[in-house]
Amino acid sequence: MRLPFNLRSGESFSLGSFSRGSFSLGSLSPAALAALSPRERRMLLIGAIAAVAILIFGLLIPLDRSVARAQERLAKKRADLSWMQSVAAQMALLPPASAATGESLLVIVDRSAREAGLANALSGSEPGGPGNLSVRLEKAPFDVLVGWLTRLAQQNGVTVDSAIIEKSGAPGLVNASIVLHSG
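One structure accompanies this document, and this report is about it. What you are looking at is a predicted structure, and each value in this text was computed from that prediction instead of being measured.

## Side note on the side chain of Ser112
Structurally, the position occupied by Ser112 is in helix 4 (residues 105-116). By relative accessible area, Ser112 is classed as buried at 11%.

Structure, rendered in structure tokens:
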């Protein structure tokens, strides 16, 4: 294989020592640039402009756009937080939905369990004091049970005072003893 340049025996090659005519990459002094032919100076200028353009369009502009998007998201999240904090005080003053409808906790639990598809798993319930109800479920799908308890809390203001959840024989099914509290 023939190289486009010749090395004499004992010489080594490096980019710092590479030179073409009177120009070497190791020395970019004004005198070295003046010694270049007009064609070489033009090529060097075009290469420098291309390198700057690549830097600007390939790195700085995408970085600036990404920072601008992050700042927009941050401003939106701050506005959302401000709104939530202003509404939270008003929401705290509202009574839970169960108090507004006047339904007893037993009726709310029974109706919502049927709506959630837990009617067959509901094996018993008994009042446990003012505003409390003990509920027993057998072979209830765990995911459905958790969704039901979440909806009870969100829609009716019913909270879980205590819960004992044990696995039943089949995967995904549980037996649960739960004490619920309204208001």
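Let us keep going from here.
## Some remarks on helix 2 (residues 38-93)
The α-helix winds at 3.6 residues per turn, so residues separated by three or four positions along the chain end up facing the same way. Between its terminal C-alpha atoms helix 2 stretches 81 Å, which fits the 82 Å expected from 56 residues at 1.5 Å a residue. Its maximal kink placed at Ile56, helix 2 deviates by approximately 30°.

## Focus: the pairing of strand 6 (residues 173-182)
Working note: regular strand, side chains alternate between the two faces of the sheet. Relative to strand 6, strand 4 (residues 132-141) runs antiparallel, the two being bridged by eight bridges. Each bridged residue has a counterpart across the sheet, and for Asn132 the counterpart in strand 6 is His181. One ladder, built from nine bridges, connects strand 5 (residues 158-167) with strand 6; its direction is antiparallel. What sits directly across from Ala163, in strand 6, is Ile178. From the end of strand 5 to the start of strand 6, which pair antiparallel, there are five residues, and Gly172 there has a positive phi angle of about 85°.

## Regarding a nonpolar patch on the surface
Together, Val52, Leu55, Ile56, Phe57, Leu59 and Leu60 make up an exposed nonpolar region whose accessible area comes to about 560 Å². Assignment of secondary structure puts Val52 in helix 2. Looking at Val52, the relative accessible area reads 46%, which means it is partly exposed.

## Side note on the pattern of salt bridges
Tallying each qualifying case throughout the model produces four salt bridges. One salt bridge in this structure joins Asp80 and Lys76, with 3.4 Å as the shortest N-O distance. Of the two residues, Asp80 and Lys76 are both situated in helix 2; the distance of four residues between them amounts to about one turn of the helix. Salt-bridge contacts for Glu115 lead to Arg111; the nearest nitrogen and oxygen are separated by 3.9 Å. Separated by four residues within a single helix, Glu115 and Arg111 lie in helix 4, roughly one turn from each other.

## Here's the deal with helix 4
Helix length check: helix 4 (twelve residues) gives 16 Å between terminal C-alpha atoms against 16 Å at 1.5 Å per residue, within 8%. Looking only at helix 4, the buried set comprises Leu105, Ile108, Val109, Ser112, Ala113 and Ala116. All buried residues of helix 4 fall inside an arc of 120° around its axis, so they share one side. Turned more than 90 degrees away from the buried face of helix 4, the exposed residues are Arg114 and Glu115.

Conventions and cut-offs
Residues numbered from 1 in each chain as written. Predicted model: local features only at pLDDT ≥ 70, side-chain atom pairs only at ≥ 80, totals over all residues. Heavy atoms only, no water. Helix = DSSP H or I, 4+ residues; strand = E, 2+ residues; numbered from the N terminus. Buried < 20%, exposed > 50% of the residue type's maximum accessible area, 1.4 Å probe, protein only. Expected span 1.5 Å × (residues − 1). Bend = angle between axes of the 7 residues up to and from the residue. Pairing = 2+ DSSP bridges. Patch = residues over 30% accessible without salt bridge, like charges linked within 9 Å, V, L, I, M, F, W, Y side chains within 5 Å. Areas by Shrake-Rupley, 256 points an atom, 1.4 Å probe, with all protein chains shown as cover. Salt bridge = Lys/Arg side-chain N within 4 Å of Asp/Glu carboxyl O. Arc of directions from axis to C-beta.

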